[in-house]
Amino acid sequence: YGLDDDPAGREAVIKMIKKEYETLAAMKYHSHEIQLMGVLFDGTGPKWVLTPLVTGGSLQNLLNDNTVVQGKVPRYLMHVLLGLYHLHKHGIVHRDIKPANILLGPGDRCIVADLGLARQLGSTTQLNLTAEGTPLYVAPEIRRQEYSNKVDLWSVGVMAVELINGSIDLFDFQ
């Protein structure tokens, strides 16, 4: 990605990397979330978040290859929910749960990744932020810009339908 040619894009990416670093650094490691090992900085701030190499691909890869094993779907979803429980326990909402952000580790262990859009919940259970996330997986309340960590559960539900059916074309989210 030619970020040197796009200063605004570079700033956006650096901002997301910094947010992911801050989110991961503030929490204790959990086996169903990506582990923070360090950050590399350049003159403008954090440039790369260092995490373990996860070689199993993502749930999106399984969908793309049509290799989702139906008997494993409940296990995948349980792992995602355990990772989200840990985030939510720390007051963090992920806001971009989708198959591409769920990595497959050893033993088909699902790992919640890409916390660049994650946000800390305020003193109440509501957030008043800009709408974020991938449109097909975004809960309706995000569009109203008032939401809680329950938006992540909506996304897990959409992802469950996709893993079971192979697509989410059955829904009209408009």
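Reference entry: report on the structure contained in this document. (Residues numbered from 1 in each chain as written. Predicted model: local features only at pLDDT ≥ 70, side-chain atom pairs only at ≥ 80, totals over all residues. Heavy atoms only, no water.)

Structural notes on the overall build of the chain
Here is the rule we go by: Strands here mean DSSP runs of E at least two residues long; helices mean DSSP runs of H or I at least four residues long; both are numbered from the N terminus. Only protein chains enter the calculation, and the probe is 1.4 Å; a residue is then buried if its accessible area is under 20% of its type maximum, exposed if over 50%, and partly exposed in between. In this analysis, two residues are considered to be in contact whenever any of their non-hydrogen atoms come within 4.5 Å of each other. In this description, accessible areas are obtained by the Shrake-Rupley approach with a 1.4 Å probe, and a residue is regarded as covered only by the protein chains that are shown.
On a plain count of helices and strands, the chain comes out with five helices and six strands. Traced from its N-terminal end to its C-terminal end, the chain shows the element sequence α-β-β-α-α-β-β-β-β-α-α. Scored against the burial criterion, the 174 residues of the chain give a buried share of 42%. Considering only contacts within the chain whose residues lie at least 6 apart along the sequence, 60% involve residues at least 24 apart. Accessible surface, the chain as shown: approximately 9,500 Å² in total, 55% of it carbon and sulfur.

Focus on helix α5 (residues 150–165)
Put simply, the rule is: The span you would expect from a helix comes to 1.5 Å times its residue count less one.
Here α5 contains 16 residues, and its C-alpha end-to-end distance of 23 Å stays within 8% of the 22 Å for a straight helix at 1.5 Å per residue. What α5 keeps buried is the set Val-151, Asp-152, Ser-155, Val-156, Val-158, Met-159, Ala-160, Glu-162 and Leu-163. Immediately downstream of α5, the backbone of Gly-166 shows phi near 90°, a positive value.

Points about the nonpolar core
This is how it is decided: For our purposes a nonpolar core is just a set of buried Ala, Val, Leu, Ile, Met, Phe, Trp, Tyr and Cys residues, chained together by side-chain atoms within 4.5 Å.
The biggest cluster of nonpolar side chains holds 28 residues, and the ones touching the most others in it are Leu-59, Val-80, Ile-102, Met-159 and Leu-163. Going through the elements one at a time, α2 (59–64), α3 (73–89), β4 (102–104), β5 (110–112) and α5 are the ones with two or more residues in this core. If one sorts the elements of this core by residue count, α3 sits on top with six residues. Setting aside its immediate chain neighbours within four residues, Leu-59 contacts Tyr-76, Pro-99, Ile-102, Leu-104, Cys-110, Met-159 and Leu-163. With seven residues, the next largest nonpolar core counts Val-93, Leu-121, Tyr-147 and Val-151 among its residues.

With respect to a nonpolar patch on the surface
Keep this limit in mind: To count toward a patch, a residue needs a relative accessible area above 30% and no salt bridge. Like charges then connect within 9 Å, nonpolar side chains (Val, Leu, Ile, Met, Phe, Trp, Tyr) within 5 Å. Throughout this description, the term salt bridge denotes a Lys or Arg side-chain nitrogen within 4 Å of a carboxyl oxygen of Asp or Glu.
A cluster of nonpolar side chains, contributed by Met-37, Leu-40, Trp-48 and Leu-50, occupies part of the molecular surface with about 410 Å² of accessible area. Mapped onto the fold, Leu-50 is located in strand β2 (residues 45–50). Residue classification places Leu-50 among the partly exposed residues on the basis of a relative accessible area of 35%.

Describing the pattern of salt bridges
Two side chains with opposite charge may pair up if their charged atoms get near one another. Under the definition given, this model contains two salt bridges. Salt-bridge contacts for Asp-108 lead to Lys-72; the nearest nitrogen and oxygen are separated by 2.4 Å. Taken together, the residues span a long stretch of sequence, with Asp-108 in the loop between β4 and β5 and Lys-72 in the loop between α2 and α3 at a distance of 36 residues. Since its relative accessible area comes to 22%, Asp-108 is described here as partly exposed. Residue Lys-72 is classed as partly exposed on the basis of its relative accessible area of 31%. Lys-98 serves as the salt-bridge partner of Asp-96, at 3.8 Å between the closest nitrogen and oxygen.

Side note on the packing of α3 against α5
What counts, and what does not: Interaxial angles span 0 to 180 degrees and are taken between N-to-C directions of axes, which are lines fitted to C-alpha atoms, for helices over the stretch in contact. Each angle gets one of four labels, with under 35 degrees taken as roughly parallel, over 145 as roughly antiparallel, 65 to 115 as roughly perpendicular, and the rest as oblique. By definition, any crossing whose near helix is turned counterclockwise from its far helix by less than a right angle is left-handed, and any crossing with a clockwise turn is right-handed. As a working rule, the residues Ala, Val, Leu, Ile, Met, Phe, Trp, Tyr, Cys and Pro are called nonpolar, Asp, Glu, Lys and Arg charged, and the rest polar, with Gly in that last group.
Two elements in contact, α3 and α5, have axes separated by 11 Å at closest approach and are oriented at 165°. Relative to α5, the element α3 lies roughly antiparallel. Between α3 and α5 lies a crossing whose hand is right-handed. On the side of α3, the interface is formed by Val-73, Leu-77, Val-80, Leu-81, Leu-84 and His-88, while α5 contributes Asp-152, Leu-153, Val-156, Met-159, Ala-160, Leu-163 and Ile-164. Here the residues of the contact of α3 with α5 are counted per class, giving 11 nonpolar, one polar and one charged.

Observations concerning unusual backbone geometry
Although it is not a glycine, Arg-95 sits at a positive phi angle of roughly 75°. With respect to the helices and strands, the residue Arg-95 is situated in the loop between β3 (92–93) and β4.

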